[in-house]
Each structure stands twice: as structure tokens, then as C-alpha cells.
Amino acid sequence: MDLRIFTEPQQGATYETLLTVAKATEDLGFNAFFRSDHYLRMGSGDGLPGPTDAWITLAGLARETERIRLGTLMTAATFRLPGVLAIQVAQVDQMSGGRVELGLGAGWFEEEHTAYGIPFPKEKFDRLEEQLAIVTGLWATEAGKTFDHDGTYYQLSDSPALPKPAQRKVPILIGGHGATRTPRLTARFADEFNMPFASIEDTERQFGRVRDAAEAAGRRADELVYSNALVVCVGKDDAEVAKRAAAIGREVDELKANGLAGSPAEVVDKIGRYAAVGASRFYLQVLDLDDLDHLELISAQVQSQLG
């Protein structure tokens, strides 16, 4: 079972805080450090000290970690032109020695676009499809050859398609609840499908759609990794669970219903129920980035039981 730490720095975190969490992620035996790609806090609060950029953060962490995978859930296609994104990700992959993964989504949070002057187009999903075609096409182009794309939203001509990532193929993650287009894009472009913040029943239903789409596209359904992103709140006892829930402004019962919360045994059991419907990878959404004892507990008493 692959457990990964997933952070939400737009809620307020410095690079130094993220570096501390990433190093703890590595030291405690987790497999990856992922972060969101947002520029505006969600919910109440001032968001101090402000946002950090996802790919600048990952570039720094690429040089300051050695083992863990690094990536985004999800980079917003609205934030970057696809040719520029392909260069950025390839460079960070080189900087990390081939440890990068790209989660790419359509973008959805209109307020952050307004706050920072980023265009928020209506045709986000169509643009996402072209971005996926361009990014993967640039990386797949043989050295010495050129890449062209004549699309509705993006046009590339005689691109040298450089630089290349260190990996032969950077894993692509696509995720979401969409019943038709999301599975189709996953089948065409992705190495992993991620179901964010969903029940076991909804996860099983969506995994089934993705499997069907993969087979319809001529792929084996088991070529894909199937994963969940879920908030995590673990404590040695009820009092510690309640304390951690209060620290992130959530209720224990709600966290148990919608995430991975409770004692280590409760969390292991729930992970097992998601695994029974096909999940083999979990992105643990850690919202209190100052609570490193939380990560230590998960490593010692959850991850250790999963093998």
C-alpha cells in the first residue's frame, strides 16, 4: 500500500514549513510528497503568510530530498501555457533525478483567478484535453525532431520539444468525479486515476467507469493506478483525535464519515475498505503542517500495519 503526504499550502505555509514536512515525509518512510496548486486560501482566515507556487516549491524540494516522489494534485491548466508547463515539469524532473509526477486538472476556483488576474475561460475541459495532448506530445517527441499542434486553443509549430524529463515517462495523474469525459481523458492520457474526497461507494462507481473507459480505448484496466485523496486525522485515543480535529476546524464525526480519522486501527480498517474496491494508493491530506507528531503516528501505527 502506497501512502503519500498531500498538503494544501494555499491555506498559509512558507517554503521552509513545506521543506520540513517533505523531509519528515522522507524520513518517516512515506512514498511521496504532493501539494495542491492554488493561490488563494479557501474558507475563513487570512491565509498568512500567503501562497507558494507549486512548481517553484517542487523545484526546491527536488534538490533537498533524495528518495520521495514529488508532484501536484492537481496543477491547474488555467495557470500555465502547456509548452511552458512541459518545460517546467521536465526541468524539475531533471533536478530531482526522475522523481516527479504531474497531476493536471482543468482548474475550478474562479476567485483565485480574479484575485491574481488569471484568465478563467469557459471552455476549461476542452483546454485541458489540448494541454494533455501537448505536454505528453512534447515529451514523447524524439530528440532532433519537432512537435506541432494545431488546436482550437493552442498552436505550436516546429517546437524542438526540449528539454526532456529525466524519466522515460513522467507519470500523469487525472482525477475527479465526472462520469464521462474524466474517464475518457484518463484512458487516453493517464497513468493514474485519483478519486478526491469521495465515499467508498462513489469511489467504486467511478473506478468502474475508468476501467470501462480504459478497456474501450484498448488499454488493460489494470495498467492504471487507482488512488484516493482523503483528509487524515489520527490520534492515539479519542482525546487526541478531537484535539487534532479542532486544530483544523473540523468535527470528529464528519472527519470519520468523509475521511480517514480515528484511532490507527480505525484508519487501517477504512483504508482496507477502499482497497477492496481497487485503491492501491492514498494521498493523506494533512492540514496542520506544524504537527509532525501526527506524521510520526501515522508512520508508526498506520503505515507499519499496511506493509
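Below is a short write-up of the structure. (Residues numbered from 1 in each chain as written. Predicted model: local features only at pLDDT ≥ 70, side-chain atom pairs only at ≥ 80, totals over all residues. Heavy atoms only, no water.)

Overview of the overall build of the chain
Applied cut-off: Secondary structure follows DSSP: runs of H or I at least 4 residues long count as helices, runs of E at least 2 residues long count as strands, and numbering of each begins at the N terminus. Accessibility here uses a 1.4 Å probe with only protein chains present; expressed as a share of the type maximum, an area under 20% marks a residue as buried, one over 50% as exposed, and anything in between as partly exposed. Note on definitions: a residue-residue contact is assigned when non-hydrogen atoms from the two residues lie within 4.5 Å.
Helix and strand counts for the chain come out as eleven helices and twelve strands. Expressed as lengths along the three principal axes of its C-alpha atoms, the size of the chain is roughly 60 × 45 × 35 Å. In the chain, buried positions account for 54% of the 307 residues. Of all intrachain contacts in the chain linking residues separated by at least 6 positions in sequence, the fraction that spans at least 24 positions is 73%.

A short note on the pattern of salt bridges
Note the threshold: Each salt bridge in this description consists of a side-chain nitrogen of Lys or Arg and a carboxyl oxygen of Asp or Glu lying within 4 Å of one another.
Throughout the structure, instances matching the rule amount to 24 salt bridges. Between R220 and D222 there is a salt bridge, with its nearest N and O atoms 3.1 Å apart. When its relative accessible area of 56% is taken as the criterion, D222 is described as exposed. Across the pair E240 and R244 runs a salt bridge whose closest N-O atoms are separated by 3.2 Å. One end of the pair is E240 and the other is R244, both in helix 8 (residues 238-247) and four residues apart, which spans about a single turn. By relative accessible area, R244 is classed as buried at 10%. Connected through shared salt-bridge partners, D2, R4, R69, E101, E192 and R281 make up one network.

Notes on the packing of aromatic side chains
Keep this limit in mind: Put simply, two rings from Phe, Tyr or Trp (the six-membered ring, in Trp's case) pair if the centres are within 6.5 Å, and we call them stacked under 30 degrees between planes, edge-to-face over 60, tilted for the rest.
Applying the stated criterion across every chain yields a total of seven aromatic pairs. Consider the rings of Y274 and F282, whose centres lie 6.2 Å apart with planes at 80°: the pair is edge-to-face. When its relative accessible area of 1% is taken as the criterion, F282 is described as buried. An aromatic cluster is built from Y39, F79 and Y116, whose rings are joined through pairwise contacts.

Quick look at the nonpolar core
Our working rule: The term nonpolar core refers to a set of buried residues drawn from Ala, Val, Leu, Ile, Met, Phe, Trp, Tyr and Cys, joined through side-chain atoms within 4.5 Å.
One finds W55, L102 and W139 to be the most contacted residues of the largest nonpolar core, which totals 75 residues. The leading source of residues in this core is helix 5 (residues 124-140), at seven residues. Residues in contact with W139, not counting those within four places in the same chain, are A86, V89, A90, L102, P163, K164, P165, V170 and I172.

Topic: the side chain of T186
To be explicit about the condition: Here a polar contact is recorded for every N or O atom pair within 3.5 Å, except that within protein the pair must consist of a potential hydrogen donor and a potential acceptor, and residues adjacent in sequence are included only if both atoms are side-chain atoms.
Tracing the backbone shows T186 in helix 6 (residues 181-189). Overall, the relative accessible area of 0% leaves T186 in the buried class. Engagement of the side chain of T186 in a polar contact is seen with the backbone oxygen of T182, the distance being 2.8 Å. Ignoring anything within four residues of it in the chain, the contact list for T186 reads I174, F193, V210, R219 and L224.

Examining the environment of I68
With respect to the helices and strands, the residue I68 is situated in the loop between helix 2 (54-64) and strand 3 (69-72). Note on I68: relative accessible area 0%, which makes it buried. Taking the C-alpha atoms as reference, I68 lies 6.7 Å from F33; in sequence the two are 35 residues apart. Beyond its immediate stretch of four places on either side in the chain, I68 contacts A22, T25, E26, F30, N31, A32, F33 and R99.

So, the pairing of strand 9 (residues 192-196)
Going by this rule: Here, a strand pair is defined by DSSP locating no fewer than two bridges between the strands. Handedness of a crossover is defined as follows: orient the strands so they point away from the viewer, and if the path from the first strand over the helix to the second runs clockwise, the crossover is right-handed.
With five of five residues buried, strand 9 is to be regarded as a mostly interior element. On strand 9, burial covers both faces: E192, N194 and P196 on one face and F193 and M195 on the other are all buried. For strand 8 (residues 172-175) and strand 9, the ladder comprises three bridges, and the chain directions are parallel. Of the residues in strand 9, the one forming a bridge with G175 is N194. Following the chain from strand 8 across helix 6 to the adjacent parallel strand 9, one finds a crossover that is right-handed. Summarising the sheet, strand 9 and strand 10 (residues 225-234) pair through five bridges and their orientation is parallel. In the sheet register, F193 faces strand 10, and the bridge partner there is Y226. Handedness of the strand 9-helix 7 (residues 200-216)-strand 10 crossover: right-handed.

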